[in-house]
Amino acid sequence: MEKYTTLSSVQQDIKDSKLHLRQLVEAYLQRIEENKHLNAFVEVFAEEARSQAEIVNSRLLDGTAGKLAGMVIGIKDLICYQNHIVSAGSKILDNYRSVFSSTVVERLLAEDAVIIGRQNCDEFAMGGSNENSFHGPVKNNADNSRVPGGSSGGSAVAVQAGLCMASLGTDTGGSVRQPAAFCGVVGLKPTYGRVSRHGVIAYASSFDQVGPITNSVEDAALLLEVIAGHDEYDSTSSTLPVPAYTQQLDFSGKKRIAYLPETLTSEGLDPEVKALTEKTIKELQEAGHAVEPISFPYLDFVVPTYYILTMAEASSNLARYDGVHYGYRSPNATDLESTYKKSRSEGFGAEVKRRILLGSFVLSAGHYDAFYGKAQRVRRVIREKTDEILQDHDFILLPTTPGPAFGIGEKTDDPVTMYLADIFTVQASLAGIPAISLPLGETKTNLPLGIQLIGKRFGESELLAFSKYILNVTKSR
Ligand code: GLN
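Residues numbered from 1 in each chain as written. Predicted model: local features only at pLDDT ≥ 70, side-chain atom pairs only at ≥ 80, totals over all residues. Heavy atoms only, no water.

Draft legend 1. Spotlight on the overall build of the protein. Regarding its fold elements, the protein presents 16 helices and eleven strands. Since a compact globule built from 477 residues should have a radius of gyration of about 23 Å, the 21 Å found for the protein is in line with a globular shape. Across its three principal axes, the protein shows a C-alpha extent of roughly 65 × 55 × 45 Å. Put simply, the protein has 477 residues, and 60% of those count as buried. Across the protein, the fraction of contacts at a sequence separation of at least 24, relative to all contacts at a separation of at least 6, is 75%. Accessible surface, the protein: about 18,200 Å² in total, of which carbon and sulfur atoms supply 50%. (Helix = DSSP H or I, 4+ residues; strand = E, 2+ residues; numbered from the N terminus. Rg over C-alpha atoms; globule rule 2.2 N^0.38 Å. Buried < 20%, exposed > 50% of the residue type's maximum accessible area, 1.4 Å probe, protein only. Contact = heavy atoms within 4.5 Å. Areas by Shrake-Rupley, 256 points an atom, 1.4 Å probe, with all protein chains shown as cover.)

Draft legend 2. The sheet that holds strand β8 (residues 290–293), seen in detail. In spatial order, the strands read β1-β3-β2-β4-β6-β5-β10-β11-β9-β7-β8; together these eleven strands make up an open sheet with mixed pairing. Strand pairing shows two members of the sheet lacking a second neighbour, β1 (41–44) and β8, which therefore form its edges. Each adjacent strand pair in this sheet contributes to an overall mean axis angle of 30 degrees, direction not counted. Bridge count for strand β5 (residues 186–189) against strand β10 (residues 435–442) is three bridges, and the pairing is antiparallel. Within the sheet, the bridge partner assigned to L188 lies in β10 and is I436. Helix α7 (residues 217–227) contacts β2 (72–76), β4 (166–171), β5, β6 (209–214) and β10 of the sheet and is inclined by roughly 150 degrees relative to β6. (Pairing = 2+ DSSP bridges. Axes fitted to C-alpha atoms, helices over the stretch in contact; angles between N-to-C directions.)

Draft legend 3. Up close: α7. Counting buried positions over the eleven residues of α7 gives ten, a clear majority of the element. Of all the residues in α7, the buried ones are V217, D219, A220, A221, L222, L223, L224, E225, V226 and I227. Among the residues trailing α7, G229 stands out with phi positive, at a value near 120 degrees.

Draft legend 4. A look at unusual backbone geometry. Between G150 and the following residue, S151, the backbone shows a cis peptide bond with an omega angle of 5 degrees. You can see S151 is positioned in the loop between β3 (114–119) and α5 (153–160). Its identity is not glycine, yet F124 carries a phi of approximately 50 degrees, on the positive side. Note on placement: F124 falls in the loop between β3 and α5. Of note in this structure, F458 is not a glycine but carries a positive phi near 60 degrees. Assignment of secondary structure puts F458 in the loop between β11 (448–454) and α16 (460–475). The partly exposed category is assigned to F458, whose relative accessible area is 25%.

So yeah, pure geometry; function would need other evidence.
Structure (structure tokens):
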């Protein structure tokens, strides 16, 4: 079967009776089976996907189908789906079955998506390589000895390898954008508050957002249109109306774009990433856009600020896994205290424990002001500076990652190096604004590279339209 990369092509072929959705689902199930070595899915909902495909196919033919009819999608193993296991990549929730569905899942199903399975991720979304999963590491389909990025690594590889058409991941500090860059696909982190977090297992609540991983900007726009919008179950979800993103993808005119010179001189930047960024800047300038250097003097502070705040929030969020309410309970416990201690010691992996310990430390009485309080203040400075740049510019352009996908095991012994690899994605997360990673190039050895565009708060429409345009401009390379 031909590899479908956009929903519109699937819908057209079903309407023309050239394709039955069941066939497409079978093709994906087969590809998932053939690519088990990638470890992208932790569970496949084969029977459900088959029966949903029958229903949706008839709806497409009789004209009653929803917007996502024909979309075969996978969800990160962090997003709750009623009566399905959601493990957050952790032993502590292994075999935990969700009693309700997240708002994003309800919205997918209301528009007739077919959910084909749940996808591997770093434990509690903590990681940038998908090596911190209880279900084992995920492999990059471009080179099986390399990581897919994380934490939504399974979600990105599934799209990269054609195991489903799109995925929903989550992005706290880059977990949609960075794996998208490593896997050569599109990854969008919406504005904080654009998408409901209800039913999405929390890592750092003032950062977490659900975002689509797709082959095309059109499908990212469509998925965002479906999942975005106010939700009474998430008080941080915005009441701003959701634009018809898919109807606003035509771009014309000239834009003013900032690039941050500090990103191009930053230590550890791969020369090929640098060259691609410079080339993209030049191409946009040649196409008549104003692309100019604007200094961002806080680049060295973004990673420490992000990690202090997210670890603090994580230590609080993960307090609920106590071996009593739900999830793993140690069989070796003898009383209440040992139930807490043993269940948490045996149930959490090393990286999660590191973050709970550090997060508790930065929140502790003697250290709160020096770490947590200060990081809060620095977050504000970063956000204000970023907003200021975006007052005079439509977008900020920067690499998504300092280098291409690194080798499995390469950074596991050195958490600081691993954290520093997030240097380009956490700025938008600290500022709470939208950002997208676009597959704009490859290394000489054919590893995908991503370029990131950051947009204005709730400016997803403009961001998506310009992203589509950039992909077209650079296609002619
Ligand atoms: N790599 C970052 C971290 O480990 C981002 C993770 C995420 O966005 N969930 O925190």
